[in-house]
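What follows is each chain in one-letter form.
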Amino acid sequence: MNPEEQDLISERAAEIRERIARAAARAGRAAEEVTLVAVSKLKPAQDVRRAFGAGVRDFGENRIQEAQRKRSELAAALPGARWHLVGHLQSNKARRAAELFDHIHSVDSAALGRRLGRAGRELGRPVRGLLQVDLAGEETKFGVPEGSAEAVLDELKACEGLAIEGLMVMPPYDPEPERVRPFFRRLRELRDRALEGGFLEGRELSMGMSHDFEVAIQEGATMVRIGTAIFGKRVYPR
Ligand SMILES: *Cc1c(COP(=O)(O)O)cnc(C)c1O
């Protein structure tokens, strides 16, 4: 193992944890309320191992095949690690995703939810999911429009084998985190209404990435999805 890379990932992970703790403290929250999900997409299994060595236990991936490959490379080497699917999931891969992941952040339709529920019943354990909400009405983004979120949640509540434990948002990219704050706030308000209505089986709010997670934590994030700030820049295959 290249000790310099290990040091770099350890340092960055420690720094992120510190920033999470400070942001939580500023918001009058406990740092333990916020789970750091290290998004390792497009990074080698070795980097996941390094982050694990630095105490990270939650890992995010956005593609089934890549996650599967990495998981088999790492085999049983990461006891207690939890895997989060943060990218769009096609319905026909629901069963595979249910087997591979502990949390699915990207439940973005009732149809997908039903497929995941069926997978959960077959596996004999409920699939834990978050409803992805599209707050900006961006055609290129996945997610249930805000206006239909409660109807979808209502339908999925009746779905055995699936537990929707909260909401997830991927706001439009803006380099200025303060301009993203209204989206985080709206997701929290939507979560609170859904909780009041009895539509949710948890309080999770998956929001905030490398450049805006502190604002997300101020607005109530319980899971922050951080890639670049821990693993460095991603190189996208052409
Ligand atoms: C890639 C990705 C992230 C991490 O993004 P960074 O800006 O690298 O922190 C978070 N959430 C989702 C859904 C992603 O696809």
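Residues numbered from 1 in each chain as written. Predicted model: local features only at pLDDT ≥ 70, side-chain atom pairs only at ≥ 80, totals over all residues. Heavy atoms only, no water.

Peer 1: When you look at the site of the ligand in this model, what are you seeing that I'm missing?
Peer 2: With respect to spatial proximity, the complete set of residues near the ligand consists of Val-39, Lys-41, Val-86, Met-170, Met-209, Ser-210, Arg-225, Ile-226, Gly-227, Thr-228 and Arg-234. Take Gly-227: an N or O atom from its main chain is 2.8 Å from an oxygen atom of the ligand. For the ligand, whose accessible area on its own is 390 Å², the fraction buried by protein is 91%. (Near = heavy atom within 4 Å. Polar contact = N/O pair within 3.5 Å; in protein donor to acceptor, adjacent residues only side chain to side chain. Areas by Shrake-Rupley, 256 points an atom, 1.4 Å probe, with all protein chains shown as cover.)

Peer 1: For this particular structure, what's the right way to read helix 1 (residues 3–26)?
Peer 2: Helical geometry note: an α-helix holds 3.6 residues per turn, so side chains three or four residues apart project in the same direction. Given a rise of 1.5 Å per residue, 24 residues ought to cover 34 Å, and the 34 Å separating the end C-alpha atoms of helix 1 matches this to within 8%. Every buried residue of helix 1 is listed here: Gln-6, Ile-9, Ala-13, Ile-16, Ile-20, Ala-23 and Ala-24. Remark: Gly-28 follows helix 1 within two positions and exhibits a positive phi of approximately 70°. (Helix = DSSP H or I, 4+ residues; strand = E, 2+ residues; numbered from the N terminus. Expected span 1.5 Å × (residues − 1). Buried < 20%, exposed > 50% of the residue type's maximum accessible area, 1.4 Å probe, protein only.)

Peer 1: It is not clear to me how the nonpolar core should be interpreted in this structure. Could you clarify?
Peer 2: Buried together is how nonpolar side chains tend to be arranged in soluble globular proteins. Phe-59, Phe-101, Ile-104, Leu-116, Leu-131, Leu-167 and Ile-217 are the most contacted members of the largest nonpolar core, which has 68 residues in total. Broken down by element, the residue count for this core peaks at six residues, all from helix 1. Sequence-distant contacts of Phe-59, that is, excluding residues within four places in its chain, are made with Val-37, Ala-38, Ser-40, Val-48, Ala-51, Phe-52, Ala-81, Arg-82, Trp-83 and His-84. (Core = buried A, V, L, I, M, F, W, Y, C linked by side-chain atoms within 4.5 Å. Contact = heavy atoms within 4.5 Å.)

Peer 1: Would you take a moment to explain the environment of His-211 for this structure?
Peer 2: Tracing the backbone shows His-211 in the loop between strand 8 (204–206) and helix 8 (213–218). Excluding residues within four positions of it along the chain, His-211 makes contact with Tyr-173, Asp-174, Pro-175 and Pro-177.

Peer 1: Is there a simple way to think about unusual backbone geometry in this case?
Peer 2: For residues other than glycine, phi is negative in most cases, and the peptide bonds are mostly trans. The phi dihedral of Leu-42 is positive, around 65°, even though this residue is not glycine. The topology assignment puts Leu-42 in the loop between strand 1 (35–39) and helix 2 (45–53). In this structure Leu-42 comes out as partly exposed when scored by relative accessible area, which is 31%.

Peer 1: Honestly, the packing of aromatic side chains in this entry has me stumped. Any pointers?
Peer 2: For any pair of aromatic rings, the description rests on two quantities: the centre-to-centre distance and the angle between the ring planes. Under the defined criterion, the tally for this structure stands at one aromatic pair. The ring of Phe-52 carries Arg-57 above its face, with NZ or CZ at 3.6 Å from the centroid. (Phe/Tyr/Trp six-rings, centres within 6.5 Å; stacked < 30°, edge-to-face > 60°. Lys NZ or Arg CZ within 6 Å of the ring centre and 35° of its normal.)

Peer 1: Would you explain helix 2 in this entry?
Peer 2: What helix 2 keeps buried is the set Ala-45, Asp-47, Val-48, Arg-50, Ala-51 and Phe-52. Its buried side turned inward, helix 2 meets helix 1, strand 2 (58–61), helix 3 (64–74), strand 3 (82–85) and helix 9 (228–231). Following helix 2 by one or two positions, Gly-55 adopts a phi angle in the positive range, close to 100°.

Peer 1: Teacher, can you tell me more about the environment of Leu-112 here?
Peer 2: Locating Leu-112 in the fold gives a position in helix 5 (residues 110–123). Its relative accessible area of 1% is what places Leu-112 among the buried residues. Linking Leu-112 and Asn-92, residues 20 residues apart in sequence, is a C-alpha distance of 8.7 Å.

Peer 1: Help me understand the packing of helix 5 against helix 6 (residues 149–157), please; the structure alone is not making it clear to me.
Peer 2: Running from amino to carboxyl end, helix 5 crosses helix 6 at an angle of 20°, the nearest separation of the two axes being 10 Å. Compared by their axis directions, helix 5 and helix 6 come out roughly parallel. Helix-helix and strand crossings are classified by hand; for helix 5 and helix 6 the assignment is right-handed. Of helix 6, the residues touching helix 5 (which contributes Ala-110, Gly-113 and Arg-114) are Val-152, Glu-155 and Leu-156. Across the contact of helix 5 with helix 6, the residue classes tally to three nonpolar, one polar and two charged. (Axes fitted to C-alpha atoms, helices over the stretch in contact; angles between N-to-C directions. Parallel < 35°, antiparallel > 145°, perpendicular 65-115°, else oblique. Left-handed = near helix turned anticlockwise from the far one by under 90°. Nonpolar A, V, L, I, M, F, W, Y, C, P; charged D, E, K, R; others polar.)

Peer 1: So what exactly am I meant to see when it comes to the pairing of strand 3 here?
Peer 2: The side chains of a regular strand alternate between the sheet's two faces. With four bridges connecting them, strand 2 and strand 3 associate as parallel partners. Each bridged residue has a counterpart across the sheet, and for Gly-60 the counterpart in strand 3 is His-84. Read as a crossover between parallel neighbours, the route from strand 2 over helix 3 to strand 3 is right-handed. Direction of pairing for strand 3 relative to strand 4 (residues 103–107): parallel, over a ladder of two bridges. Among the inter-strand pairings, His-84 is bridged to a residue of strand 4, identified as His-103. In this fold, strand 3 hands off to helix 4 (residues 94–100), which returns the chain to strand 4; that crossover is right-handed. (Pairing = 2+ DSSP bridges. Right-handed = clockwise from strand over helix to strand, strands pointing away.)

Peer 1: I'm lost on the pattern of salt bridges in this one. Help?
Peer 2: It is possible for side chains bearing opposite charge to pair when their charged atoms get close. For the coordinates displayed, the defined rule picks out 22 salt bridges. For the salt bridge of Arg-82 with Asp-58, the shortest nitrogen-to-oxygen distance reads 2.8 Å. Taken together, the positions of Arg-82 in strand 3 and Asp-58 in strand 2 put the pair 24 residues apart, joining distant regions of the chain. Owing to a relative accessible area of 35%, Arg-82 belongs among the partly exposed residues under this scheme. Classification of Asp-58 by relative accessible area gives buried; the value is 6%. (Salt bridge = Lys/Arg side-chain N within 4 Å of Asp/Glu carboxyl O.)

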